[in-house]
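Each chain, written out:
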Amino acid sequence: MGRETTTMAVVTMKQLLEAGVHFGHQTRRWDPRMRRFIHGERSGIYIIDLKQTLEQIESSYTFVRDLVAGGGRVLFVGTKRQAQEAIRSYAEKCGMPYVNQRWLGGMLTNFQTISKRIAKMSEYQRMRDSGEFEAMPKKEALMLSRELEKLERNLGGIQHMERLPDAIFVLDTVKEHIAVTEANKLGIPVVAVVDTDCNPDVIQHLIPGNDDAIRSGRLLCRVVADAIEEGRYIVNARGGDDDGPTLDGEEKAAAQTQARNEAAAAAAEREVRVATVAEATAVEESAVEEDAEATAVEESAVEEDAEATAVEEPAAEAGTDEEQA
């Protein structure tokens, strides 16, 4: 029965040909370690052996399906322009994390620091949604909005990835060599589409194929997404007596309640802080007004003294003139 589901999920040779999966790179741009997956050469371009591609797709499909059926998670990675939309759409469709803008060094090997940045992004999102940005000075709100936009662009796809993935799926291992290196260092299996210019020895589950064409990338992303969906179906089918999902739901509810309480406490603290600042500002303004009044009184007294002096001086001059006379 498992073989039947796998046969239903894998693609056909016709689909691979229509998507251009068999086209490799130019003959001057190739990795000799890919020789065993090359069928031949035509017009200066290597042609990939699609028979081996079909076999590797089935093997990779089975691996991903069984991994997800065991509770594993797959991280989709593809930051080149042709792959960004396919990576995002299929990862969101199957509910898996993804990176499609920029791979930040240490996303796997320094996941603790990345988690702190994700928490900071979530805090900024809460502040934006609660209207706290509007209560801030414009310059501060603008700076925080720009930082939030940058965080969402780079980390939005892994916002709900609370732990390291159990495998990663990569389009173009040459461009994403840092991700492949980090995964190999941590012992995380790599499922990847390898073109004729890639090194197949660092990939545990490789799919020989074209990693540059948009249709080819979409087709292979769909294969992995289908494997994930089937793995979830297997979990749901055999998990009738398993209370794991219920516990996960309770944990999520508890986490959401805690997050709401923390958000309410932070909002109350901010309101107190804003009120304190407003009160201090009012006191300062009152003090300034009192100083201004005192200064005005002093200036009035000085003017009166000056007028009195001006009146006394002519009288004194008149007395002096009489004495001289």
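Data block above holds the structure.
This is a predicted model, so every value here is computed, not measured.

(A) Looking closely at the environment of Lys120. For Lys120, the position within the fold is in helix H5 (residues 111-129). Residue Lys120 is classed as partly exposed on the basis of its relative accessible area of 35%. It is 8.7 Å that separates the C-alpha atoms of Lys120 and Leu148, two residues lying 28 residues apart in sequence.

(B) The pattern of salt bridges, seen in detail. Applying the stated criterion to the full structure yields 15 salt bridges. Here Arg117 ties to Glu147 by a salt bridge, and the two come within 3.4 Å at their closest N and O atoms. Of the two residues, Arg117 is situated in helix H5 and Glu147 in helix H7 (residues 138-155); the sequence distance between them amounts to 30 residues. Judged by relative accessible area, Arg117 falls into the partly exposed class, the value being 34%. A relative accessible area of 28% means that Glu147 is categorised as partly exposed. Within this structure, Arg65, Asp66 and Glu230 form a network of salt bridges that share partners.

(C) Spotlight on the sheet that holds strand S1 (residues 23-26). With antiparallel pairing, 3 strands are arranged side by side in an open sheet as S1-S3-S2. In this open sheet, the two edge strands, each paired with only one partner strand, are S1 and strand S2 (38-42). Recorded for the sheet is a direction-independent mean angle of 30 degrees between the axes of neighbouring strands. Bridge analysis of S2 against strand S3 (residues 45-48) gives 4 bridges, and the strand direction is antiparallel. In the strand pairing of S3, Gly40 is matched with Ile47.

(D) Main features of the environment of Glu85. Following the sequence through the fold, Glu85 ends up in helix H4 (residues 81-93). A C-alpha to C-alpha distance of 8.7 Å links Glu85 and Arg218, two positions 133 residues apart in sequence.

(E) Summary view of the sheet that holds strand S5 (residues 98-99). Spatially, the 5 strands line up as an open sheet ordered S5-S4-S6-S7-S8, and their pairing is parallel. A strand with exactly one partner marks an edge of an open sheet, and here the two such strands are S5 and strand S8 (205-208). One ladder, built from 2 bridges, connects strand S4 (residues 74-77) with S5; its direction is parallel. Bridging across to S5, Phe76 finds its partner in Tyr98. The sheet strands contacting helix H3 (residues 50-69) are S4, strand S6 (167-171), strand S7 (190-194) and S8, and the helix crosses S8 at an angle near 145 degrees.

(F) How the structure looks around H5. End to end, H5 covers 27 Å across 19 residues, agreeing with the expected 27 Å (1.5 Å per residue, within 8%). Here H5 has its buried residues at Phe111, Ile114, Ile118, Met121, Tyr124, Gln125, Arg126 and Met127. Immediately downstream of H5, the backbone of Gly131 shows phi near 85 degrees, a positive value.

(G) Local environment of the side chain of Lys80. Position of Lys80 among the secondary structure elements: in the loop between S4 and H4. The exposure class assigned to Lys80 is buried, which follows from its relative accessible area of 7%. Within the structure, Lys80 has its side chain in polar contact with the backbone oxygen of Asp211 (distance 3.2 Å). Apart from the residues within four sequence positions on either side, Lys80 is in contact with Asp172, Lys175, Glu176, Asp211 and Asp212.

(H) Broad picture of the packing of H3 against helix H9 (residues 214-238). As a packed pair, H3 and H9 sit with axes 7 Å apart at the nearest point and diverge in direction by 40 degrees. Here H3 lies oblique to H9, going by the angle between them. For H3 against H9, the interelement crossing comes out right-handed. Between H3 and H9, the residues in contact are Ile57, Tyr61, Val64, Arg65, Val68 and Ala69 and Leu220, Val223, Val224, Asp226, Ala227, Ile228, Glu230, Gly231, Arg232, Ile234, Val235 and Arg238, respectively. Taken together, the residues of the contact of H3 with H9 sort by class into 12 nonpolar, 1 polar and 5 charged.

Each value, and the rule that gives it
- Residue positions are given per chain, counting from 1 as you read along its sequence in written order.
- With pLDDT at 70 or above as the cut-off, local features in this predicted model cover only qualifying residues; side-chain atom pairs require 80 or more to be listed or tallied, and sums for whole chains, interfaces and linings still use all residues.
- Only heavy atoms go into the side-chain values, all of them from the structure, while hydrogens and water stay out.
- Numbering goes from the N terminus for both helices and strands, where a helix is a DSSP run of H or I of at least four residues and a strand is a run of E of at least two.
- The classification of residues rests on relative accessible area computed with a 1.4 Å probe and restricted to protein chains. Under 20% of the type maximum is buried, over 50% is exposed, and intermediate values are partly exposed.
- Salt bridges are identified by distance alone: a Lys or Arg side-chain nitrogen within 4 Å of an Asp or Glu carboxyl oxygen.
- If DSSP finds at least two bridges between two strands, the strands pair.
- Orientation is described by lines fitted to C-alpha atoms, with helices fitted over the stretch in contact, and by angles between N-to-C directions that extend from 0 to 180 degrees.
- Two residues qualify as a contact provided that any one of their heavy atoms is within 4.5 Å of a heavy atom in the partner residue.
- A helix is expected to span 1.5 Å for every residue after the first.
- What qualifies as a polar contact is a pair of N or O atoms within 3.5 Å, subject to a donor-acceptor requirement within protein and to the restriction that residues adjacent in sequence count only when both atoms come from side chains.
- The labels follow the angle: roughly parallel below 35 degrees, roughly antiparallel above 145, roughly perpendicular from 65 to 115, and oblique for the rest.
- Should the near helix be turned counterclockwise from the far one by less than a right angle, the crossing is left-handed, whereas a clockwise turn marks it as right-handed.
- Each residue gets one of three labels, nonpolar for Ala, Val, Leu, Ile, Met, Phe, Trp, Tyr, Cys and Pro, charged for Asp, Glu, Lys and Arg, and polar for the others, Gly among them.

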